[in-house]
Amino acid sequence: MQASAEPIIQCENLVKIYKTKDIEVLALQGLEISIQQGELMAIIGNSGSGKSTFLNMIGGLDRPSAGRLVVDGQDLFKLSERELVLYKKKTVGFVWQNNARNLLPYLTALENVQLPMLLDASAKQRKARAQELLRLVGMDHRMHSRLNQLSGGEQQRVAIAIALANRPKILLADEPTGSVDAKTGAYLLDVFRHLNEELGLTIVIVTHDPNLARKVHRVVSIRDGKTSAERIVKQSYLSRLQDVGGFEEETHDEYAILDRAGRVQIPREMLQALGVSGNQVRMELEDGKIVISAPPDKAE
């Protein structure tokens, strides 16, 4: 689905500091991301880069230390605890990597999906909604199965249905393919793409899965708590998105991200390839291009 012009998530100069008795950890250092309504996107980064911290803040599970975070017109800094509970219930749905956080093992798939709706719908409405969601994720044939009768991929599909039970506007997924094999992971990504297209759902996925980048519209890289790069799917490739297999071609165009002060992060592997070992680089404007190179040997 094509994203609309109106951002549903706006993050400006977002900072998150975790404090313990002896240490402070800066998880986000001025993160800036704008996510459009209806986007299907992935957030990638090394462990400790801040990507899961950001996802938790969108989900209302953690509070920012500074900056601005507006989701669906709601400033998360200003929400009371009661308003935050309602936000988590109605605006966002969360899918975890660990199935134990998604499912109750003594209930069937159908019963699990009905749980979030217990206070807001009649028994008949809950059952009809749960059946429809299980159909959407390709699990209607296993709706009466319990947790121990389902494979890991099947459990994760049920977890996706649970996250959609209260009709959220945004679906958040934290490493949803991390505990399944490659074939099952590819199928799960197809489920996300189908939901994005059929429901117009905004979907944000944190992942280490390189194959996922080939099935989403935009990939945002976070490095050291800041947005460092974006990869946008090529239009020539978009029409073949559903047929992704073993293509060797580049599927996305990559862009470095400038912060408000005009700073840009240069990936460490690029600096190493240039032979840069210190904190200085040579930067020149040549034929309308900025060229970055290693500084000349100081001995010369």
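Look up: the structure comes first, before these words.
These figures come from a predicted structure and were not determined experimentally.

The rules behind the values
Residues numbered from 1 in each chain as written. Predicted model: local features only at pLDDT ≥ 70, side-chain atom pairs only at ≥ 80, totals over all residues. Heavy atoms only, no water. Axes fitted to C-alpha atoms, helices over the stretch in contact; angles between N-to-C directions. Helix = DSSP H or I, 4+ residues; strand = E, 2+ residues; numbered from the N terminus. Parallel < 35°, antiparallel > 145°, perpendicular 65-115°, else oblique. Left-handed = near helix turned anticlockwise from the far one by under 90°. Contact = heavy atoms within 4.5 Å. Nonpolar A, V, L, I, M, F, W, Y, C, P; charged D, E, K, R; others polar. Buried < 20%, exposed > 50% of the residue type's maximum accessible area, 1.4 Å probe, protein only. Polar contact = N/O pair within 3.5 Å; in protein donor to acceptor, adjacent residues only side chain to side chain. Expected span 1.5 Å × (residues − 1). Phe/Tyr/Trp six-rings, centres within 6.5 Å; stacked < 30°, edge-to-face > 60°. Pairing = 2+ DSSP bridges.

A. Up close: the packing of helix α5 (residues 152-163) against helix α6 (residues 182-199). The N-to-C vectors of α5 and α6 enclose an angle of 20°; their axes lie 10 Å apart at closest approach. Comparing their axes, α6 and α5 come out roughly parallel. α6 is crossed by α5, and the crossing has right-handed handedness. In contact with G153, Q156, R157 and I160 of α5, α6 contributes T184, Y187, L188, V191, F192 and L195. Across the contact of α5 with α6, the residue classes break down as 6 nonpolar, 3 polar and 1 charged.

B. Focus on the side chain of E39. Inspection of the secondary structure puts E39 in the loop between β2 (24-36) and β3 (40-44). Look at E39 and you get buried, because its relative accessible area is 8%. Only 2.8 Å separates the side chain of E39 from the backbone nitrogen of Q36, close enough to count as a polar contact.

C. Highlighting α6. Taking 1.5 Å per residue as the helical rise, α6 with its 18 residues ought to reach 26 Å, and the 26 Å between its terminal C-alpha atoms agrees with that figure. The set of residues buried in α6 consists of G185, L188, L189, V191, F192, R193, L195 and N196. The first or second residue beyond α6 is G200, which carries a positive phi of 70°.

D. Focus on the packing of aromatic side chains. In total, this model carries 1 aromatic pair according to the counting rule given. Ring geometry for F94 against W96: centres 4.3 Å apart, planes inclined by 10°, an arrangement best described as stacked.

E. Local environment of the sheet that holds strand β1 (residues 7-19). If you trace the 4 strands from one edge of the open sheet to the other, you get β2-β1-β4-β5, paired in antiparallel fashion. One side of each edge strand has no neighbouring strand; the edge strands of this open sheet are β2 and β5 (74-75). As paired strands, β1 and strand β4 (residues 66-71) are joined by 5 bridges and run antiparallel to one another. Within β4, the residue paired with Q10 across the bridge is V70. The strands touched by helix α1 (residues 51-58) within the sheet are β1, β2 and β4, with β1 carrying the most contacts at an inclination of about 120°.

F. The arrangement of unusual backbone geometry in detail. Positive phi, close to 50°, is recorded for D72, a residue that is not glycine. Topologically, D72 is positioned in the loop between β4 and β5. Owing to a relative accessible area of 27%, D72 belongs among the partly exposed residues under this scheme. Even without a glycine there, the phi angle at R167 is positive, about 55°. Positionally, R167 belongs in the loop between α5 and β7 (170-174).

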